[in-house]
Amino acid sequence: MTRAEPIRLPIGILLLLALLAALSACRQQTAETPTIAPAGTPTAATTTSAAPTPAPAADAWATVQARGRLVVGTSADYPPFAFYTEEFGLDGFDIALARALGEQLGVAVEFSDMAFDGLGGALQVGQIDAAIAAISVSESRAAVVDFSRVYFVSEDAALARTDSGILLRSIADLAPLRVGVQDGSVFQTWLQEVGVDAGVLSANNILAYTTTDQAIADLLAGRIDVVIADRLPLEVIAREQDTLAIIGRGLNAQQLAVALAKGSTLTAPINDALAALEADGTLAELAGRYLNLDAAELAPLPTPAPVAPEGT
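Residues numbered from 1 in each chain as written. Predicted model: local features only at pLDDT ≥ 70, side-chain atom pairs only at ≥ 80, totals over all residues. Heavy atoms only, no water.

> Describe the overall build of the protein chain, listing the residues and the values that go with them.
When you go through the protein chain residue by residue, the secondary structure sums to ten helices and twelve strands. Looking at the protein chain as a whole, 42% of its 312 residues qualify as buried. In the protein chain, the proportion of contacts linking residues at least 24 apart, taken out of those at least 6 apart, comes to 75%. Only carbon and sulfur atoms are counted for the fraction: they give 55% of the accessible area of the protein chain, which is about 16200 Å². (Helix = DSSP H or I, 4+ residues; strand = E, 2+ residues; numbered from the N terminus. Buried < 20%, exposed > 50% of the residue type's maximum accessible area, 1.4 Å probe, protein only. Contact = heavy atoms within 4.5 Å. Areas by Shrake-Rupley, 256 points an atom, 1.4 Å probe, with all protein chains shown as cover.)

Written out as structure tokens, the structure reads:
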């Protein structure tokens, strides 16, 4: 046999090789299919385009009722809204709110922890029923998801090292600084639109992170100068890290709401549940327990816009 001659294998071996290849392809396809993690289990954010994903149910509320379980997407890297306890259980204002909503709706609640910027996609493909993760209402987001009535009005803040000498009075004060922000957050959009697009900030100085924790790590290491996020989570970090301090706030107030798939029939039941939780004092009680805010400190919630009758 010379090197140029083809190698001929017995037909039985060829059939065995074909079977092994088919099994390998099947195993690869199964591994690429995204799954929902059980409640209380942290998951790494993964993306895939190989495996098909289910479309949102035509009647999401009927599906949740039949299932007896509401699957809520969250991003548990944002205390006091969502975080893991020392016992590795999920807790926080948003987590407690989701559980209270489940009680109002008469269903159990299952959490799926994922990267914040993956929540919108998970809603669109039906991987989760709702997303509760300190999500600010914005026009750009409202174009791709539906929002419930507002359940909390929050305020922005900036965090820097205590020895930095930085004082933030306007967005122009950020011009010479390296600014960290969570990828996909409303604060990233704000910095882009009001800062970069307006020619006030350089795009090269805006660094987006998958989680706020990663931005804080770079802030502590001196790789960035400021982190922009919700005030309450940054205040928690400032209390835990005596080398960091709030150096500005109140430039970009936000309204937080539950996000749902566009056209979801879950929106109305969740709105009714939120109204009940506001009326019976549950929202105020949760704000006191998790956000250290009493009723007098809570910003008033906006009055929901009236819903137009069907057919108009």
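Once the structure has been displayed, the description carries forward.
> Please provide a residue-by-residue account of the sheet that holds strand E12 (residues 254-261), values included.
Within the open sheet, the five strands sit side by side as E4-E1-E5-E12-E6. Their pairing is mixed. Each of the sheet's edge strands pairs with one partner strand only, and the pair in question is strand E4 (108-113) and strand E6 (145-154). Direction of pairing for E6 relative to E12: antiparallel, over a ladder of seven bridges. When the bridges of E12 are listed, valine 153 appears paired with glutamine 255. Against the sheet, helix H3 (residues 93-105) contacts strand E1 (69-74), E4, E6 and E12, and its axis sits at roughly 150° relative to E4. (Pairing = 2+ DSSP bridges. Axes fitted to C-alpha atoms, helices over the stretch in contact; angles between N-to-C directions.)

> Explain the packing of H3 against helix H9 (residues 267-279) to me, and be specific about the residues and the numbers.
Running from N to C, H3 and H9 cross one another at 105°; their axes reach a closest spacing of 9 Å. Considering their axes alone, H3 and H9 lie roughly perpendicular with respect to each other. From H3, Leu97, Ala100, Leu101, Gln104 and Leu105 reach across to H9, where they touch Pro269, Ile270, Ala273, Leu274, Ala276 and Leu277. (Parallel < 35°, antiparallel > 145°, perpendicular 65-115°, else oblique.)

> Go over unusual backbone geometry with me, naming the residues and quoting the values.
Here the amide bond leading from proline 79 into proline 80 is cis, since omega sits at 5°, within 30 degrees of zero. With respect to the element layout, proline 80 can be found in the loop between E1 and strand E2 (83-84). We note that asparagine 292 has phi near 60°; this positive angle belongs to a residue other than glycine. Within the element layout of this structure, asparagine 292 appears in the segment after helix H10 (282-291). Under the relative-accessibility criterion, asparagine 292 is labelled exposed at 66%.

> So what about the sheet that holds strand E9 (residues 206-209)? Which residues, and what values?
The strand order across the open sheet formed by five strands is E9-E8-E10-E7-E11, and the pairing between neighbours is mixed. Two strands bound the open sheet, and with one partner strand each, they are E9 and strand E11 (244-249). In this sheet, adjacent strand axes meet at a mean angle of 30° when their direction is disregarded. Bridge analysis of strand E8 (residues 179-182) against E9 gives four bridges, and the strand direction is parallel.

> So what's going on with H10? Residues and values would help.
Listing the buried residues of H10 in full gives Thr282, Leu283, Leu286, Ala287, Tyr290 and Leu291. The buried residues of H10 occupy an angular sector of 135° when the element is viewed end-on, so they sit on one face. The inward-facing, buried residues of H10 abut strand E3 (90-91), H3, E6, helix H8 (231-240) and H9. (Arc of directions from axis to C-beta.)

> Requested: an account of the pattern of salt bridges, with residues and values cited.
Two side chains carrying opposite charge are able to pair once their charged atoms lie near each other. In this structure the tally under the stated criterion is ten salt bridges. Between arginine 67 and aspartate 129 there is a salt bridge whose closest N-O contact spans 2.6 Å. Here arginine 67 is found in helix H2 (residues 60-67), whereas its partner aspartate 129 is found in the loop between helix H4 (119-124) and strand E5 (130-131), with 62 residues between them in sequence. Using a relative accessible area of 31% as the deciding quantity, one classes arginine 67 as partly exposed. On the basis of relative accessible area, aspartate 129 is assigned to the buried category, the value being 11%. Linking arginine 69 and glutamate 110 is a salt bridge whose minimum nitrogen-to-oxygen distance equals 2.6 Å. Placement of the pair is arginine 69 in strand E1 and glutamate 110 in strand E4, with a sequence separation of 41 residues. When salt bridges that share partners are traced, they join Glu155, Arg231, Glu235 and Arg249 into one network. (Salt bridge = Lys/Arg side-chain N within 4 Å of Asp/Glu carboxyl O.)

> Requested: an account of the environment of arginine 249, with residues and values cited.
Tracing the chain through its elements places arginine 249 in strand E11. Residues arginine 249 and leucine 168 lie 81 residues apart in sequence; the distance between their C-alpha atoms is 7.6 Å. Sequence-distant contacts of arginine 249, that is, excluding residues within four places in its chain, are made with Glu155, Asp156, Ala157, Arg231 and Glu235. Among the polar contacts made by the side chain of arginine 249, one reaches the side chain of glutamate 155 at a distance of 2.9 Å. (Polar contact = N/O pair within 3.5 Å; in protein donor to acceptor, adjacent residues only side chain to side chain.)

> Describe the packing of aromatic side chains, with residues and values.
One pass over the structure, following the stated rule, counts six aromatic pairs. Ring geometry for phenylalanine 81 against phenylalanine 93: centres 6.0 Å apart, planes inclined by 85°, an arrangement best described as edge-to-face. Taken as a pair, phenylalanine 81 in the loop between E1 and E2 and phenylalanine 93 in helix H3 lie far apart in primary sequence, twelve residues in all. A relative accessible area of 1% means that phenylalanine 81 is categorised as buried. Centroid distance phenylalanine 93 to phenylalanine 152: 5.7 Å. Interplanar angle 55°. Geometry classified as tilted. Of this pair, phenylalanine 93 sits in helix H3 while phenylalanine 152 sits in strand E6, and the two are 59 residues apart along the sequence. No difference in accessibility class separates phenylalanine 93 from phenylalanine 152, as the two residues are buried. Within the aromatic cluster, the residues linked to one another by ring pairs are Tyr78, Phe81, Phe93, Tyr151 and Phe152. (Phe/Tyr/Trp six-rings, centres within 6.5 Å; stacked < 30°, edge-to-face > 60°.)

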